[in-house]
Amino acid sequence: MKLILSNIAMVVVPVVLFALTMTLVAGLVMHDAFGLKSLVFPGSGPGEKAVEKHFERKSEWHAVLTYFAREEPERFKDEAFLRQTGEKLAELQSGLVVLLEGEVAFASRGIGTVDDPAVLRSLPTGPGGDRDEQEVVLNGVSYYAFAQGLQFADGSSGLLVVLEDQSQLSFMIRRVFPLVLGILLLVLAVTNGGLTYLVSRSIIRPLRELKAAAERIKDGQLEKELALRRRDEIGEVGAAFEEMRQRLLASIRTQLQYEDNRKDLLTNISHDLKTPLTAIQSCAEGLRDGIADTPEKQAKYVGMIHSKTLHLNRLIDELFLFSKLDLKRLPFHFEPLELRAYLTDYAEELRVDPRMREMQVRFDSGEPGLPLWISADREKLGRVLMNVVDNAVKHAKGPGAELRIALRPAGGEAELTLEDNGPGIEAEALPWVFDRFYRADPSRGADTGGSGLGLAIVKGIVEEHGGRVRAESGPGKGMRILITLPLLKEPPGNRDGSP
């Protein structure tokens, strides 16, 4: 509040004092106090109204010339009239120029030769006696000019331009301006200096405390609390600064944790990439050294290279996808999607998929005819389903393998369940199954071609859709993945829900 009031005072007080000063100076000049009128307007004696008479005569001549231009334009072809009029106007620091058919026919002696009549032809002409002034420069001198069209009896046309010299006004400004400027600067110095001194005492001390806190933070000392204990705006700044300190301290601790996670991530990536590369290298060396000396062995080695290359390519693809998800750089193209129709078509595609030839697919769509609209990226949602299904295919093998898909509405959300009848995992491992590179049974990763990123990608995509995902399992109970997605509050019109 102090700053607001002081800033208002710094603006209002000088403006008010400046206006009062201008009024006072103008009154003193017009009343010739202390001889100011003769100082500002040379040639005007004490008690004379020379200034008022000067402007009155200018106004009268303007009216007369406007009348003649409208009612008696032939006068402006009379050389004697123009010369006499020019001499009278010269006494008023004015002059006139007459253009006939665009050419200069007459110019007052004080104005001199008009080299460029186009400057005057471009002046707007006011209707009737309306005065429309515009600034022009002739022969290095600035004038106020106003023009009046001329229409002669013989059908020809012309232009009357009256020019008023601005030198007297400039001279007056040069006389008055230093006085007004000096008073204004004095007012600004006194007002702003006094207000600055009064306000600064209540600001400098807390600012020094803030500076000291900033220097501590610069030196890495984030443990000391900053407490200004003020209820004004500076106190709010101090509270925000203290909150920043706390968040920065928490951020540094989180960053250290991220650094540890990054090291673990690099270790896992190096291990998972090196395993297929080692196998490829061994097969290549076997072919090079002639160990594979029969067509059957050569075919086996080539097949292993091909298999490990596919595994490596799949691993790199999942690493790339996960890294974009982790950095929030994976583009999503959301659109309304009818989930029941989408899953129905997806289940039909799974039944004819060669990978599912040993697994039976069951789909429970819930209440038929009840549409469940969500906002989803079809491609990314398909990737979620593919990763879960791949996980089920890897672990639920042999006769009787089954994948059950169920869809239910649940209070403004759609709950999708994908369940296999594989061996399952320990309940203690469930909190980490969606972490990157986590494998409940590390020994199975290399055999099955898993990257440890499949369910981490599922979690990232589902969360980008505003949903949640969790897992349920136990030894011998299979794996159940439950995905919850928000339903649209206002279902769209008829849309194609096919995947």
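In this text the structure is predicted, and so the values were computed from the model without any measurement. Each chain carries its own residue numbering, running from 1 in the written order of its sequence. Note on the predicted model: pLDDT of at least 70 is required for a residue's local features to be given, and 80 or more for side-chain atom pairs to be given and counted; whole-chain, interface and lining totals, by contrast, use all residues. Just so you know, side-chain values use all the structure's heavy atoms and leave hydrogens and water out.

Q: How would you explain the overall build of the protein if you had to name every residue and give the values?
A: Starting at the N terminus, helices and strands are each numbered in turn, a helix being any DSSP run of H or I of at least four residues and a strand any DSSP run of E of at least two. When you go through the protein residue by residue, the secondary structure sums to 12 helices and 12 strands. Only protein chains enter the accessibility calculation, which uses a 1.4 Å probe. A residue is then buried if its area is under 20% of the maximum for its type, exposed if over 50%, and partly exposed in between. Relative to its full complement of 499 residues, the protein shows a buried share of 36%. Nonlocal contacts in the protein, meaning residues at least 24 apart in sequence, comprise 62% of its contacts between residues at least 6 apart. With residues, only the protein chains shown are counted as cover, and all accessible areas are computed by Shrake-Rupley using a 1.4 Å probe. About 29500 Å² of surface is accessible on the protein, with carbon and sulfur atoms providing 56% of the total. The contact criterion used is simple: two residues touch if any of their non-hydrogen atoms lie within 4.5 Å.

Q: Pulling in residues and values, what's your account of the confidence of the model for the protein?
A: When pLDDT drops low, the exact placement of atoms in the prediction is not to be read closely. pLDDT measures the predictor's confidence residue by residue and takes values from 0 up to 100. In this model, the protein carries a mean pLDDT of 80, and residues with pLDDT of at least 70 account for 85%. Contacts of residues 43-48 to residues separated by more than four positions or lying in other chains number eight contacts, the stretch itself having pLDDT below 50.

Q: Could you give an account of unusual backbone geometry, naming the residues involved and the relevant values?
A: Look at Glu101: it is not a glycine, yet its phi comes out positive at around 55°. Its place among the elements puts Glu101 in the loop between β1 (94-100) and β2 (103-107). Judged by its relative accessible area of 52%, Glu101 falls in the exposed class.

Q: Tell me about the sheet that holds strand β3 (residues 134-138), and name the residues and values.
A: Each pair of strands is called paired provided DSSP finds at least two bridges between the two strands. As summarised here, the arrangement of the five strands in space is β2-β1-β5-β4-β3, forming an open sheet in which the pairing is antiparallel. Every other strand in the sheet has two partners, leaving β2 and β3 as the edge strands with one partner each. In this sheet, neighbouring strand axes are inclined to one another by 35° on average, regardless of whether the strands run parallel or antiparallel. Direction of pairing for β1 relative to strand β5 (residues 157-165): antiparallel, over a ladder of seven bridges. Each residue of the ladder has a partner; that of Leu99, found in β5, is Leu159. Axes, fitted as lines to C-alpha atoms, cover a helix only where it is in contact. Angles between the N-to-C directions of the axes lie from 0 to 180 degrees.

Q: Give me the packing of aromatic side chains: which residues, what numbers.
A: Side-chain rings of Phe, Tyr and Trp, where Trp is taken by its six-membered ring, are said to pair if the distance between their centres is within 6.5 Å; with planes under 30 degrees apart they count as stacked, over 60 as edge-to-face, and otherwise as tilted. Within this structure, the stated rule accounts for four aromatic pairs. With 5.8 Å between their ring centres and 80° between their planes, Phe76 and Phe81 make a pair best called edge-to-face. Pair check on accessibility: Phe76 and Phe81 agree, each one buried. Between Phe332 and Phe334, the ring centres sit 5.6 Å apart and the planes meet at 10°, which makes this aromatic pair stacked. Ring pairing ties together the aromatic residues Tyr67, Phe68, Phe76 and Phe81, which thus form one cluster. By the criterion adopted, a ring carries a charge over it if an Arg CZ or a Lys NZ lies within 6 Å of its centre and within 35 degrees of its normal. Sitting above the plane of the Phe81 ring, Arg75 keeps its charged end 5.4 Å from the centroid.

Q: Go over the environment of Leu65 with me, naming the residues and quoting the values.
A: Within the fold, Leu65 resides in helix α3 (residues 50-71). Separated by 11 residues in sequence, Leu65 and Phe76 place their C-alpha atoms 9.7 Å apart. Every residue in contact with Leu65, bar those within four places of it in the chain, is listed here: Phe76, Thr85, Leu89, Leu160 and Val162.

Q: Can you tell me about empty space enclosed by the protein, naming the residues and giving the values?
A: If you roll a probe as big as a water molecule over the atoms, it shows you where there is empty space left. Definitions used for this entry: grid spacing 1 Å over protein atoms alone; cavity, a set of points where a 1.4 Å probe fits but cannot get out; pocket, an open set with protein on both sides within 12 Å along at least 5 of 7 lines; lining residue, one with an atom within 4 Å of a point. Grid points are joined across faces, edges and corners, and a volume is the space filled by probe spheres set on the points. Taken as a whole and judged by the stated rule, the model has three cavities of 30 Å³ or more. Considered as a void within the structure, the largest cavity measures approximately 60 Å³ in volume. Around the largest cavity, the lining comprises 11 residues; the ones closest to its centre are Lys58, Trp61, Leu89, Val162 and Glu164. Contributing elements (two or more residues each) for the lining of the largest cavity: α3 and β5. Looking at the lining of the largest cavity, the element that brings in the most residues is α3, giving four residues. Each residue is assigned to one of three groups, with Ala, Val, Leu, Ile, Met, Phe, Trp, Tyr, Cys and Pro labelled nonpolar, Asp, Glu, Lys and Arg labelled charged, and all others, Gly among them, labelled polar. Tallied by class, residues from the lining of the largest cavity come to six nonpolar, two polar and three charged.

Q: Tell me about the pattern of salt bridges, residues and numbers included.
A: For salt bridges, the criterion is a side-chain nitrogen of Lys or Arg within 4 Å of an Asp or Glu carboxyl oxygen. Per the counting criterion, the structure on display carries 23 salt bridges. Its salt-bridge partner being Glu242, residue Arg245 comes within 2.6 Å of it at the nearest N-O pair. Here Arg245 pairs with Glu242, and both are found in helix α7 (residues 233-289), just three residues apart, close to one helical turn. Like Glu242, Arg245 is buried. Linking Arg351 and Glu348 is a salt bridge whose minimum nitrogen-to-oxygen distance equals 2.8 Å.

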